[in-house]
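Coordinates in review
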Amino acid sequence: MNKHMRELFNLDGKVAIVTGGAGWLGRFFTESLAQSGAKTVIVDYNQELLKKAVEEFQNDGLAVEGVVGNVMQDRPLCECIDKIAADFGRMDILVNAAVVHCGGEFDGIRFEDFEKAYCNSSAYAVASKQAAVHMRKCGGGCIINIASMYGLVTSYPEVYEGITTPNSITYSADKAAVIHMTHYMAVYLAKDKIRVNCVSPGPFPNRNKDLYADNPVMDEFLIRLGQKTPMGRIGRPWELKGVIAFLASEA
């Protein structure tokens, strides 16, 4: 039967988890799913940020709840996913968006920086593994991994010169791992009707981040970044909502 467009994008009755869903971009991933009808649960370690985000979503009439959890440790992460699935009776969508930033200048890189960076992609893999257990019970599901353009291309050091440190090699390596893991999981889980996709955003710098706050040359930094993109500007976080809704839905 040919479905209407509204049906294809409708997520009513679905249960979604967004790790890091109270963060700069994560908030818009959460909003996208909730506005499409999914009961959406944010898992974030920052209790204050989480509480504020959930209250704002609920005040807007969206079915969003929050769970404080450390997604960078194996057992707490798995237990958190299991509890959400038990509380809601199902699990349909997982968006892996949590990230721990680390690393610095290339000339000072250490083994420990890579070990810390790969906690991110490791968390994505473990969360996906655990979510898949519950998605199989529902006859399928959807996993969306958030990578970065820096998992595919490198940055221009001159863009950062005089303002902040360039994008780190550890971040690029970690996001490249996320992209390839997505390929692996997409094939491995296809038989279970679990779709696995990856979104690799371009530049979406957070103006509110401590790195840029009250920085008198922030505007110059944004101009430099924009000049490296075909449209001549940085991304606006809400522009990612459409791709998340599309990948999570029957569309």
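Below or above, wherever it landed, is the structure these notes cover. (Residues numbered from 1 in each chain as written. Predicted model: local features only at pLDDT ≥ 70, side-chain atom pairs only at ≥ 80, totals over all residues. Heavy atoms only, no water.)

1. Focus: helix H2 (residues 26-35)
Since there are 3.6 residues in each turn of an α-helix, residues three or four apart along the chain are aligned in direction. Within H2, seven of the 10 residues are buried, which leaves the element mostly enclosed by the surrounding structure. Within H2 the residues assigned to the buried category are Gly-26, Phe-29, Thr-30, Glu-31, Ser-32, Leu-33 and Ala-34. Gly-37, located one to two residues past H2, shows a positive phi value of around 110 degrees. (Buried < 20%, exposed > 50% of the residue type's maximum accessible area, 1.4 Å probe, protein only. Helix = DSSP H or I, 4+ residues; strand = E, 2+ residues; numbered from the N terminus.)

2. Section: the nonpolar core
In globular proteins that are soluble, nonpolar side chains generally tend to be buried together. Ranked by size, the top nonpolar core spans 24 residues in total, and within it Ile-17, Leu-77, Leu-94, Ile-143, Leu-189 and Ile-194 carry the most contacts. Elements supplying a minimum of two residues to this core: strand S2 (39-44), helix H4 (74-88), helix H5 (111-137) and strand S6 (194-199). Discounting chain neighbours no more than four positions away, the residues touching Leu-94 are Ile-17, Thr-19, Ala-127, Ser-128, Ala-131, Met-135, Cys-142, Ile-143 and Ile-144. Ranked by size, the runner-up nonpolar core spans 23 residues in total, among them Leu-33, Ala-97, Ile-144 and Val-199. (Core = buried A, V, L, I, M, F, W, Y, C linked by side-chain atoms within 4.5 Å. Contact = heavy atoms within 4.5 Å.)

3. A look at the environment of Ala-248
Along the chain, Ala-248 falls in helix H9 (residues 241-248). Taking C-alpha positions, Ala-248 is 9.8 Å from Ser-32, a pair spaced 216 residues apart along the chain.

4. Points about the pairing of strand S4 (residues 93-96)
Burial along S4 is two-sided: the face carrying Ile-93 and Val-95 and the face carrying Leu-94 and Asn-96 are both buried. Inspection of the sheet shows S4 paired to strand S5 (residues 141-146) by four bridges, in the parallel sense. The residue bridging Val-95 from the neighbouring strand is Ile-144, located in S5. In this view, the connection linking S4 to its parallel neighbour S5 by way of H5 has right-handed handedness. (Pairing = 2+ DSSP bridges. Right-handed = clockwise from strand over helix to strand, strands pointing away.)

5. Details of the sheet that holds S6
Spatial ordering of the open sheet is given by S3-S2-S1-S4-S5-S6, a layout of six strands whose pairing is parallel. The sheet is open, and its two borders are formed by strand S3 (64-68) and S6, each paired with just one other strand. Within this sheet the neighbouring strands show an average axis-to-axis angle of 15 degrees, counted without direction. The pairing of strand S1 (residues 15-19) with S4 spans four bridges and is parallel. Opposite Ile-17, over in S4, you have Leu-94 as the bridge partner. The strands that H2 touches are S1, S2, S3, S4 and S5; relative to S1, the one it contacts most, it runs at about 175 degrees. (Axes fitted to C-alpha atoms, helices over the stretch in contact; angles between N-to-C directions.)

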